[in-house]
Amino acid sequence: MKYYRSLCLLVLLWGCMAQADQPALIQTSPGYQQWHAATSAYLKTAYKETGTYGVINPAIQSNGYWLYRGLRINQTLGAQRLPFDQSGQWAIDRLTLIMEQPEKAFISLQSESFYLLESLAILNIAFPEPQTLASLIQALQQPQGYFLATTTSQAEQPTNQSDSFASTYFSLRILDRLGYPYASHDQLFAWIKTEWRARQQANDPGSLASLLVLIELLKPTSALPTDYSWDSILSMYRAKSKIATNYSDLGFDLSGMLGYAEYTGIAEAWLEQATIDFINDPVRNHDGLIVDSNQTPDLLFSEMLYRAAQAHPTLAVNQQRMQEFLQRQLMPDGSFYPVVLSEDDVLTTVFAYQYARLFPELPSAATSDLNSVIAHLLEKPQLRLEELYSLSMLDVAKLSATNQQLFVQQLEQAKPSSEADLQQYFFYLSALNKLKLPITDSLKQQVINVVEGFKLNGNYGVEGTITAYHTAMAVILYSYLGYNVDQQAANINWIRQFLETLEAQNSQTFTVREVYLLLLALNLQNQPLPHVEALTTWMAACLPPAGNSLYQPFDPAQQQPDFYVLPYTLAGLRLLGIDIYDQQVLSGLMQP
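Caption draft 1: Quick look at the overall build of the protein chain. Each helix and strand counted, the protein chain has 27 helices and three strands in total. For the protein chain, the residues scored as buried account for 55% of the 592 residues in total. For the protein chain, the accessible area works out to roughly 25600 Å², and carbon and sulfur atoms hold 50% of it.

Encoded structure:
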């Protein structure tokens with residue numbers, strides 16, 4: 001699978017990039033619309049502030065927490081605010097789902113239910129089944145006062161009482177929001193006292209602030225110890241902030257404290273200043289945007305920045321960048337997709353720039369400097385050969401002399417060994433060819449030795465069988481070494497015969513990848529392609545959504561749009577003379 005995947009994305013790439021933009025309004029087929037919407041949504045979400053693209057983590061999916069954070073930031077954007085018109089229905093559907101299947105909730109039923117309810121409150125929408133949700137939560141309360149955490153289809157008993165902290169906090173907030181009662185009032189206070197001591201010992205002012213919210217919510221009738229106070233929490237944070245080295249830990253403390261201030265309506269000047277000091281830290285504040293280590297907006301801490309800016313108009317925020325980020329994360333169904341949690345991905349980035357003409361709505365199509373993006377990717381240590389090959393298919397001629405030198409150095413470090421396979425030599429020689437770099441005599445002999453190891457009766461294959469892949473690779477690699485058509489006659493004839501009988505071949509013995517490589521082999525030898533119309537029909541049948549390119553509708557929780565087979569299809573159609581950048585032409589080929 002690794003062998004298949006690594007080459008698949010890369011051969012998107014035979015030829016130049018964009019020319020003129022396509023007309024904005026054209027009639028396209030349902031198949032094309034489905035593919036375009038899915039791929040565009042994925043790439044928009046994977047786009048990063050550096051102009052590069054990451055890979056969406058399939059383990060993370062849209063949920064109530066991320067929607068809540070997106071809505072909170074959106075509240076502060078003023079005239080640039082996004083229309084979350086579909087989000088209310090999505091939140092209701094999502095809450096209904098996790099009530100029926102708690103194992104699908106984000107972290108726990110209580111935590112995600114709370115954020116979904118808060119999201120609906122922001123949208124001024126009432127949840128239609130409050131009694132059902134309240135009954136579920138009430139059933140989780142134990143005689144000791146605290147609430148069990150529902151992280152699977154069955155309630156799980158915490159391993160100790162302290163593990164119930166989050167579940168109890170969110171359960172009480174949910175019941176308070178819905179206006180439904182809770183039991184065991186005295187026992188709850190006993191639990192809070194135990195938790196308070198534990199959080200004091202852990203030097204955790206953020207959690208203490210959350211406990212103080214519960215105390216306010218429960219409205220105690222008896223006096224509490226003197227250290228159960230807002231002032232004691234502020235003092236703890238002051239002392240901690242002077243010695244703490246964990247930036248995120250302080251941020252979570254501030255978030256909990258700000259939650260208490262918001263719940264009670266307290267205006268605390270010192271807390272506001274501490275928040276401003278935190279969010280102005282140059283490690284995380286990039287041009288008025290709080291980012292994580294991948295230069296991706298950190299929604300929790302960005303929310304602190306934007307809400308602080310409401311009270312302090314001079315506080316710098318970059319509304320345009322944040323608005324663009326929220327726009328990319330807001331899905332058509334109203335869900336809000338999480339931030340990208342990955343490093344830059346070279347292959348996805350190249351795909352996006354190679355096909356930018358088909359996706360003018362992508363940020364990269366209009367705003368990103370390709371030269372700086374390539375330079376940024378070249379800063380990554382020890383790029384793989386397939387990554388360097390992929391990059392070489394972009395406009396490397398525009399790189400500065402320094403960056404071209406860095407490209408060459410990276411390529412030299414990745415040079416294939418004598419034990420490398422045909423695929424590695426394909427990557428390497430293709431990149432050398434694109435960069436107009438010479439092939440040494442020793443490398444030439446190395447390639448010959450590897451290719452001839454697959455020779456079978458004048459053609460090439462493995463295990464006694466001539467194969468399309470090995471024969472195509474032999475012609476391609478020998479073409480780079482300067483072998484002419486006469487020296488490749490036997491292989492070219494075999495390729496022609498294979499392509500002429502393509503539709504009669506057993507479809508289980510080859511893939512669209514092999515067919516593309518066969519077409520490329522003939523192209524490199526300046527040979528006319530046989531049966532162009534029939535081959536075009538065959539290739540078009542491999543396009544999504546109906547073809548064998550394994551395409552499925554966009555579902556971040558399951559998989560990304562297929563960037564690994566589709567490029568072969570598009571590249572093959574290009575060799576056959578099809579303008580794949582013409583949306584009407586491509587739409588016509590993507591009929592369901």
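More follows now that the structure is in view.
Caption draft 2: Structural detail: the nonpolar core. Of all hydrophobic cores here, the largest spans 97 residues; its most connected members are Leu391, Leu429, Leu499, Leu519 and Met539. Broken down by element, the residue count for this core peaks at 10 residues, all from helix α22 (residues 468-480). When residues no more than four places from it in sequence are discounted, the contact partners of leucine 429 are Ile439, Leu443, Val447, Leu477, Tyr480 and Leu481. In terms of nonpolar packing, the next biggest core, distinct from the first, is built from 87 residues, Leu133, Ala134, Leu212 and Ala261 among them.

Caption draft 3: Broad picture of the packing of helix α20 (residues 422-434) against helix α21 (residues 441-452). Orientation of α20 relative to α21, taken along the N-to-C sense of each, is 145°, at an axis distance of 11 Å. For α20 against α21, the interelement crossing comes out left-handed. Across the interface between the two elements, Leu422, Tyr425, Tyr428, Leu429 and Leu432 from α20 touch Leu443, Gln446, Val447, Val450 and Val451 from α21. In terms of residue class, the contact of α20 with α21 is made up of nine nonpolar, one polar and no charged.

Caption draft 4: Quick look at the sheet that holds strand β2 (residues 459-462). Taken together, the three strands give an open sheet; going across it, the order is β1-β2-β3, and neighbouring strands pair in antiparallel fashion. Each of the sheet's edge strands pairs with one partner strand only, and the pair in question is β1 (455-456) and β3 (465-466). Sheet analysis places β2 next to β3, joined by two bridges and oriented antiparallel. When the bridges of β3 are listed, glycine 461 appears paired with isoleucine 466. Each of β2 and β3 touches α22; the most contacted strand, β2, lies at about 130° to it.

Caption draft 5: Quick peek at helix α7 (residues 165-178). Counted at 1.5 Å a residue, the expected span for α7 with its 14 residues is 20 Å, and the 20 Å between its end C-alpha atoms agrees. If you check which residues of α7 are buried, you get Phe165, Ser167, Thr168, Tyr169, Phe170, Ser171, Leu172, Arg173, Ile174, Leu175 and Leu178. In this fold, the buried residues of α7 make contact with α5 (109-122), α6 (130-138), α8 (185-201), α9 (205-218) and α11 (247-264). Immediately downstream of α7, the backbone of glycine 179 shows phi near 80°, a positive value.

Caption draft 6: The arrangement of helix α2 (residues 30-46) in detail. A rise of 1.5 Å per residue sets the reference length of α2, with its 17 residues, at 24 Å; its end C-alpha atoms lie 24 Å apart and thus fit the reference within 8%. Of all 17 residues in α2, 12 are buried; the element is thus mostly enclosed. Where α2 is concerned, the buried positions are Gly31, Tyr32, Trp35, His36, Ala38, Thr39, Ser40, Ala41, Tyr42, Leu43, Thr45 and Ala46. Next to the buried residues of α2 lie α14 (319-329), α15 (346-354), α26 (566-575) and α27 (583-589).

Caption draft 7: Up close: the packing of aromatic side chains. One pass over the full model with this rule turns up 28 aromatic pairs. Here tyrosine 32 and tryptophan 35 contribute two aromatic rings whose centre-to-centre distance is 5.7 Å and whose plane-to-plane angle is 55°, an arrangement assigned as tilted. Pair noted here: tyrosine 32 and tryptophan 35 are both in helix α2, with a separation of three residues, about one helical turn. By relative accessible area, which is 2% here, tyrosine 32 ends up buried. Taking the centre distance of 6.1 Å and the plane angle of 40° together, the rings of tyrosine 355 and tyrosine 581 count as tilted. Placement of tyrosine 355 in the loop between α15 and α16 (363-366) and of tyrosine 581 in the loop between α26 and α27 is noted, with a sequence separation of 226 residues between them. Residue tyrosine 355 shares its accessibility class with tyrosine 581, and that shared class is buried. These aromatic residues form a ring-pair network of at least three members: Tyr65, Trp66, Tyr68, Phe106, Phe114, Tyr115, Tyr169 and Phe170.

Caption draft 8: Highlighting unusual backbone geometry. Unusually for a residue other than glycine, aspartate 287 sits at a positive phi of about 55°. Looking at where aspartate 287 falls in the secondary structure, it is placed in the loop between α12 (269-279) and α13 (299-311). Although it is not a glycine, glutamine 382 sits at a positive phi angle of roughly 50°. Within the fold, glutamine 382 resides in the loop between α17 (370-378) and α18 (385-392). The exposure class of glutamine 382 is exposed, given its relative accessible area of 65%.

Caption draft 9: A look at the pattern of salt bridges. All chains considered together, the criterion is met by 21 salt bridges. Linking arginine 177 and glutamate 118 is a salt bridge whose minimum nitrogen-to-oxygen distance equals 2.9 Å. Residue arginine 177 is located in helix α7, and its partner glutamate 118 is located in helix α5; the two are separated by 59 residues in the primary sequence. We classify glutamate 118 as buried; its relative accessible area is 11%. Of the charged contacts, one joins aspartate 204 and arginine 199 as a salt bridge, the two residues approaching to 3.8 Å between their closest N and O atoms. Here aspartate 204 matches arginine 199 in class, with each residue buried. Within this structure, Arg69, Arg72, Glu262, Glu303 and Arg307 form a network of salt bridges that share partners.

Caption draft 10: Representation of the pairing of β2 within the structure. Note that β1 and β2 share two bridges and pair antiparallel. Directly across from lysine 455, in β2, lies its bridge partner tyrosine 460. Between β2 and β3, which pair antiparallel in sequence order, lie two residues; one of them, glutamate 463, sits at a positive phi of approximately 55°.

Caption draft 11: How the structure looks around the packing of α11 against α12. Packing of α11 against α12 brings their axes to within 11 Å, and their N-to-C directions diverge by 150°. In terms of axis orientation, α11 runs roughly antiparallel to α12. When you trace α11 past α12, the crossing you get is left-handed. The segment α11 lies against α12, with Tyr247, Leu250, Gly251, Leu254, Met257, Leu258 and Ala261 engaging Trp270, Leu271, Ala274, Thr275, Phe278 and Ile279. Grouping the constituent residues of the contact of α11 with α12 by class yields 11 nonpolar, two polar and no charged.

Caption draft 12: Summary view of the environment of isoleucine 174. Summarising the element assignment, isoleucine 174 is placed in helix α7. The buried category is assigned to isoleucine 174, whose relative accessible area is 0%. Along the backbone, isoleucine 174 and isoleucine 137 are 37 residues apart, and their C-alpha atoms lie at a distance of 8.1 Å. Setting aside its immediate chain neighbours within four residues, isoleucine 174 contacts Gln110, Ser113, Phe114, Leu117, Leu133 and Ile137.

About the cut-offs
- Residues numbered from 1 in each chain as written.
- Predicted model: local features only at pLDDT ≥ 70, side-chain atom pairs only at ≥ 80, totals over all residues.
- Heavy atoms only, no water.
- Helix = DSSP H or I, 4+ residues; strand = E, 2+ residues; numbered from the N terminus.
- Buried < 20%, exposed > 50% of the residue type's maximum accessible area, 1.4 Å probe, protein only.
- Areas by Shrake-Rupley, 256 points an atom, 1.4 Å probe, with all protein chains shown as cover.
- Core = buried A, V, L, I, M, F, W, Y, C linked by side-chain atoms within 4.5 Å.
- Contact = heavy atoms within 4.5 Å.
- Axes fitted to C-alpha atoms, helices over the stretch in contact; angles between N-to-C directions.
- Left-handed = near helix turned anticlockwise from the far one by under 90°.
- Nonpolar A, V, L, I, M, F, W, Y, C, P; charged D, E, K, R; others polar.
- Pairing = 2+ DSSP bridges.
- Expected span 1.5 Å × (residues − 1).
- Phe/Tyr/Trp six-rings, centres within 6.5 Å; stacked < 30°, edge-to-face > 60°.
- Salt bridge = Lys/Arg side-chain N within 4 Å of Asp/Glu carboxyl O.
- Parallel < 35°, antiparallel > 145°, perpendicular 65-115°, else oblique.

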